[in-house]
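Tertiary structure, described
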Amino acid sequence: DTDDEQLARTWIAAQDLRLLYHAADRARAEQAFYPWLIYCADADIPELTRLATTIDSWRAELLAYFDTGGISNGPTEAINLLIKKIKRVGHRSATSTTTCSDSSCTAASTGTLSAPPRSEVGYHA
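Of all the positions in helix α4 (residues 59-67), only Leu 62, Leu 63 and Phe 66 are classed as buried. The buried residues of α4 occupy an angular sector of 85° when projected down its axis, which confines them to one face. For α4, the elements touching its buried residues are α1 (3-20), α2 (26-43) and α3 (46-57). Gly 69 lies just past α4 and shows a positive phi near 75°.

In structure tokens form, the structure reads like this:
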């Protein structure tokens, strides 16, 4: 397979996995899950096989989405990741500037927030 073919197969697998969440109920999601695993295995792409193996090990959690009426902790996890990133990297103000060279970037900040340019103020009003 060429790189383009592998990329296309991987993209199809990702879209089909997303479609599982659009199933009408758990039974239909389960019916679509097995063919998705087969597709991933038949694609013979190591990364896709690894993804399918991981997703299969989380099958119960994936299908629990349908048992809870579509409740997800995704938004909570997104906020937790953002908090961890801010703790790790630090908070930079909206007026920070970044200077980059070929090998590194440095950031400087005035430490204060300034109003957006007039054109943006009118746009957001």
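Burial of nonpolar side chains together is a common tendency in soluble globular proteins. Counting 16 residues, the largest nonpolar core has Leu 17, Phe 33, Trp 36, Cys 40, Leu 48, Ile 55 and Leu 62 as the members making the most contacts within it. Dropping the residues within four chain positions of it, Cys 40 is found in contact with Ala 13, Leu 48, Thr 49 and Ala 52.

The next point concerns unusual backbone geometry. Residues other than glycine predominantly adopt negative phi, and peptide bonds predominantly adopt the trans conformation. A positive phi angle, near 55°, is found at Asp 44, a position not held by glycine. Take Asp 44: it is sitting in the loop between α2 and α3.

With their axes 4 Å apart at the nearest point, α3 and α4 run at an angle of 65° to one another. Residues Ile 55, Asp 56 and Ser 57 of α3 pack against Arg 59, Glu 61 and Leu 62 of α4. A per-class count over the contact of α3 with α4 returns 2 nonpolar, 1 polar and 3 charged.

Using the criterion set out here, one finds 3 aromatic pairs in the structure. Ring plane angle 90° and centroid distance 4.9 Å describe the contact between Tyr 21 and Tyr 65, whose orientation is recorded as edge-to-face. In this pair, Tyr 21 is assigned in the loop between α1 and α2 and Tyr 65 in helix α4, connecting sequence segments 44 residues apart. A relative accessible area of 25% places Tyr 65 in the partly exposed class. Geometrically, the ring pair formed by Tyr 65 and Phe 66 is edge-to-face, given 5.2 Å between the ring centres and 90° between the ring planes.

The rules behind each value
Residues numbered from 1 in each chain as written. Predicted model: local features only at pLDDT ≥ 70, side-chain atom pairs only at ≥ 80, totals over all residues. Heavy atoms only, no water. Buried < 20%, exposed > 50% of the residue type's maximum accessible area, 1.4 Å probe, protein only. Helix = DSSP H or I, 4+ residues; strand = E, 2+ residues; numbered from the N terminus. Arc of directions from axis to C-beta. Contact = heavy atoms within 4.5 Å. Core = buried A, V, L, I, M, F, W, Y, C linked by side-chain atoms within 4.5 Å. Axes fitted to C-alpha atoms, helices over the stretch in contact; angles between N-to-C directions. Nonpolar A, V, L, I, M, F, W, Y, C, P; charged D, E, K, R; others polar. Phe/Tyr/Trp six-rings, centres within 6.5 Å; stacked < 30°, edge-to-face > 60°.

By themselves these figures say nothing about function.
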